[in-house]
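What the coordinates show
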Amino acid sequence: MVKNVAKTIFEAVGADALVTTQDDLRFYLTGFKSSFGVVVTDKKGTSFYTDSRYSEAAAKALVASGIKVAEYPRGVKLCDFLKGYSSLGMPFNAITAEGYGQLTAAGFKLVDSAAAFRSAMAVKSQSEIDNITLACKATDKAFCDLLNQIKEGMTENEVAALLEYLMRKHGASGTSFETICAFGANGSVPHHETGATKLKFGDAVLIDFGCKINGYCSDCTRTFLFGDDGKHGEFKELYEKVLTAHMLVKQEFRSGMTGKQGDAIARDYLAKYDLAKYFTHTLGHSLGINIHESPNLSPADETVFSDGMVFSDEPGVYLAGKLGIRIEDTVTLSGGKVVSLTDSDKKLIIL
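A brief look at the structure comes next. The structure displayed is predicted, hence computed values, not measured ones.

1. Some points on the overall build of the protein
Within the protein, the regular secondary structure consists of 10 helices and 19 strands. In terms of overall dimensions, the protein has C-alpha extents of about 75 × 40 × 35 Å along its principal axes. In the protein, which comprises 351 residues, the proportion classed as buried is 55%. Within the protein, counting contacts between residues at least 6 apart in sequence, those at least 24 apart form 61% of the total. Distance between charge centroids for the protein: 4 Å, based on 38 positive and 43 negative side chains.

2. Quick notes on the sheet that holds strand β10 (residues 211–213)
Judged by pairing direction, the sheet is antiparallel, and its 3 strands sit side by side in the order β7-β10-β11 without closing on themselves. Where the open sheet ends on each side, the last strands, each with one partner, are β7 (174–175) and β11 (216–217). One ladder, built from 2 bridges, connects β7 with β10; its direction is antiparallel. Bridge pairing in β10 places G174 opposite K212. In this fold helix α7 (residues 126–147) packs onto β10 and β11, with an angle of close to 135° to the strand it touches most, β10.

3. Details of the pattern of salt bridges
For the structure on display, the rule yields 17 salt bridges. Put simply, K250 and D329 hold a salt bridge, and the shortest N to O gap is 2.6 Å. Within this pair, whereas K250 is found in helix α9 (residues 233–252), its partner D329 is found in strand β18 (residues 329–334), the two being separated by 79 residues in sequence. Taking the relative accessible area as the measure of exposure, K250 reaches 13% and is therefore buried. Note on D329: relative accessible area 0%, which makes it buried. In the salt-bridge network here, residues are joined through shared partners; they are R222, K250, D329, D343 and K346.

4. A look at the layout of surface pockets
Counted as a void, the largest pocket has a volume near 330 Å³. Lining the largest pocket are 20 residues, with I180, H191, D208, H292 and E314 sitting closest to its centre.

5. Thoughts on the sheet that holds strand β6 (residues 109–112)
Pairing is mixed across the open sheet formed by 6 strands, whose spatial order is β4-β3-β2-β1-β5-β6. Taken across any chain shown, the strands that pair with only one partner, and hence form the sheet edges, are β4 (68–71) and β6. Taken pair by pair, the neighbouring strands of this sheet meet at an average axis angle of 25°, ignoring direction. Here strand β1 (residues 17–20) pairs with strand β5 (residues 87–90) via 2 bridges, running parallel. Following the sheet pairing, L18 is matched in β5 by G89.

6. Things to note about the packing of aromatic side chains
Aromatic rings considered in pairs are described by the distance between their centres and by the relative angle of their planes. In total, this model carries 14 aromatic pairs according to the counting rule given. An angle of 20° between the planes, with centres 5.8 Å apart, marks the rings of F143 and F209 as stacked. Here F143 is found in helix α7, whereas its partner F209 is found in strand β9 (residues 203–209), with 66 residues between them in sequence. In terms of burial, F143 and F209 fall into one category: buried. A cation over a ring is seen here: K241 above Y273, with NZ or CZ 4.7 Å from the ring centre. The ring of F279 carries the charged tip of R267 above its face, separated from the ring centre by 4.1 Å.

7. Overview of the packing of α9 against helix α10 (residues 259–271)
For the pair α9 and α10, interaxial distance at closest approach is 9 Å and the crossing angle is 145°. Crossing handedness for the pair α9 and α10: right-handed. Along its contact with α9, which presents K241, T244, A245, L248, V249 and E252, the element α10 presents G262, I265, A266, Y269 and L270. When the residues that make up the contact of α9 with α10 are grouped by side-chain class, the tally is 7 nonpolar, 2 polar and 2 charged.

8. Examining the pairing of strand β14 (residues 293–297)
Where strand β13 (residues 284–286) and β14 come together, 3 bridges link them in antiparallel fashion. Across the sheet, the residue bridging to S286 is E293, located in β14. If you look at the hairpin formed by β13 and β14, you'll find 6 residues sitting between the two strands.

9. Thoughts on the nonpolar core
Core analysis: the biggest nonpolar cluster contains 33 residues, and F235, F253 and F311 have the highest contact counts within it. Listing elements by their share of this core, those giving two or more residues are α9, α10, β16 (316–319), β17 (323–326) and β18. A per-element tally of this core places α9 first, with 8 residues. If near-sequence neighbours (up to four positions away) are discounted, F253 is found in contact with L248, T258, G262, I265, L297, F305, F311, L333, G336 and V338. Counting 32 residues, the second largest nonpolar core, distinct from the first, contains V13, Y28, Y54 and I129.

What counts, and at which threshold
Residues numbered from 1 in each chain as written. Predicted model: local features only at pLDDT ≥ 70, side-chain atom pairs only at ≥ 80, totals over all residues. Heavy atoms only, no water. Helix = DSSP H or I, 4+ residues; strand = E, 2+ residues; numbered from the N terminus. Buried < 20%, exposed > 50% of the residue type's maximum accessible area, 1.4 Å probe, protein only. Contact = heavy atoms within 4.5 Å. Lys, Arg positive; Asp, Glu negative; His and termini not counted. Charge placed at Lys NZ, Arg CZ, Asp CG, Glu CD. Pairing = 2+ DSSP bridges. Axes fitted to C-alpha atoms, helices over the stretch in contact; angles between N-to-C directions. Salt bridge = Lys/Arg side-chain N within 4 Å of Asp/Glu carboxyl O. 1 Å grid on protein atoms, 1.4 Å probe; cavity = no way out; pocket = protein on both sides within 12 Å on 5 of 7 lines; lining within 4 Å. Points joined across faces, edges and corners; volume = space filled by probe spheres on them. Phe/Tyr/Trp six-rings, centres within 6.5 Å; stacked < 30°, edge-to-face > 60°. Lys NZ or Arg CZ within 6 Å of the ring centre and 35° of its normal. Left-handed = near helix turned anticlockwise from the far one by under 90°. Nonpolar A, V, L, I, M, F, W, Y, C, P; charged D, E, K, R; others polar. Core = buried A, V, L, I, M, F, W, Y, C linked by side-chain atoms within 4.5 Å.

Next comes the structure, spelled out in structure tokens:
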């Protein structure tokens, strides 16, 4: 699968060689994680050049992949290493201005590979979906375990740290992104900075979290109540509206629809209750080896979605200084329909 993806992108770009140095894209092409390396794909095939820290492990890991592994010559500049090629395919959205300048000054013609990578990465292979599913299952299990361990007086940081530990306990290698944990009115900021606020009885809790397994991400948000102090009538009503919007996307979004149409399913429903103005972000984003990939479910994205795409379904409502509610699952399209990969209980939980 890996070597076929590299070949597909190389052929789409049309340069003499596809040259990939970025950590995430290098992992995408090889399936091997490293902090340094250069992947070169040309008509002869794909080669992965790295240093002595990784060369032995890479050779073992990629022995059956068809990818040649060799050590990158120490001290050699990339422009000298690539002599013999006239044009190079590189992602313009990731290459530095300095790197671009050095390569063009050395006489190379650079061709943007970013669009070809986005297209290839948008539709996941079955093995990629399997890895994302593993991460999603670890996420679900960790959240369920967390609910039994949250105590009054814990800080947002403590709850976030506990959840991250539990995700690792269930097989994660780390988090997909920095965990967001918001108590009470802090939830009104969609990307609240987790801090020292202490949990008290009656607080709403919003947690946005995810983990990685085998290099692939999960993404999930749950909002719940830490006890019911009898003051949450409005919160409960809004929660049901957000949950309905979330579920409508799962019921109505289909392969062949655009990201704009998907976003409209949730946004139009919330608009019926004059809540769309409080839905201040897009409905969802694609994810895979990175937590944010393309395409998106947004009012501006006309990309047609198809089976094999993996994305988030995360409508929300945020009342400034008062409350925030977001319900998010990682989902995929299969058989033309939405299939949820994170699937812990989304009915309002009151601890």
